[in-house]
Amino acid sequence: MPLPLMPKATAVWLVDNSTLSFEQIADFCGMHTLEVKGIADGEVAVGIVGFDPSASGQLTRDEIARSEADPAARLK
């Protein structure tokens, strides 16, 4: 699966705007889980503006909701 257009900015947006697990976000964005945790803690990606992956057609709101409901699901 190809990585999103701006992986770190996408991860920032997903951390701020969804209830996805760190593992789900890391898997989708091609990042390490600890890096995503660092984004949530405010230690990583300081100053990076989040990028909505649904605005660019990389994810649908339904796909995010499906994955939020099932922590074992992976984003497609």
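Residues numbered from 1 in each chain as written. Predicted model: local features only at pLDDT ≥ 70, side-chain atom pairs only at ≥ 80, totals over all residues. Heavy atoms only, no water.

### Considerations on the pattern of salt bridges
Think of it this way: side chains of opposite charge can pair up when their charged atoms draw near.
Part 1 of the reasoning: Enumeration according to the criterion identifies 5 salt bridges in this entry.
Part 2 of the reasoning: A salt bridge links Arg 61 to Asp 52; its shortest N-O distance comes to 3.0 Å.
Part 3 of the reasoning: You can call Asp 52 buried: its relative accessible area is 16%. (Salt bridge = Lys/Arg side-chain N within 4 Å of Asp/Glu carboxyl O. Buried < 20%, exposed > 50% of the residue type's maximum accessible area, 1.4 Å probe, protein only.)

### So, the confidence of the model for the chain
Part 1 of the reasoning: On average, the chain scores 94 in pLDDT, and the residues at 70 or more come to 99%.
Part 2 of the reasoning: When the elements of the chain are averaged for pLDDT, helix 4 (residues 61-69) gives the smallest value, 95, and helix 3 (residues 33-41) the largest, 97. (pLDDT = per-residue confidence, 0-100. Helix = DSSP H or I, 4+ residues; strand = E, 2+ residues; numbered from the N terminus.)

### As for the nonpolar core
Part 1 of the reasoning: With 17 residues, the main nonpolar core has Leu 14, Ile 25, Cys 29 and Ile 39 as its most contacted residues.
Part 2 of the reasoning: Mapped onto this core, the elements with two or more residues apiece are helix 1 (7-17), helix 2 (22-29) and helix 3.
Part 3 of the reasoning: Apart from residues lying up to four places away in sequence, Ile 39 is in contact with Lys 8, Ala 11, Val 12, Val 15, Met 31, Val 44 and Ala 45. (Core = buried A, V, L, I, M, F, W, Y, C linked by side-chain atoms within 4.5 Å. Contact = heavy atoms within 4.5 Å.)

### Quick look at the side chain of Thr 10
Part 1 of the reasoning: One can find Thr 10 in helix 1.
Part 2 of the reasoning: With relative accessibility at 0%, the residue Thr 10 sits in the buried group.
Part 3 of the reasoning: When residues no more than four places from it in sequence are discounted, the contact partners of Thr 10 are Pro 4, Phe 28, Cys 29, Phe 51 and Pro 53.

### A look at helix 4
Part 1 of the reasoning: Taken together, the buried positions of helix 4 are occupied by Glu 63, Ile 64 and Ser 67. Angular distribution of buried residues about the axis of helix 4 spans 100 degrees; they occupy a single face of the element. Exposed residues on helix 4 whose side chains face more than 90 degrees from its buried face are Arg 61, Asp 62 and Ala 69.
Part 2 of the reasoning: Looking at the buried side of helix 4, the elements it contacts are helix 1 and helix 2. (Arc of directions from axis to C-beta.)

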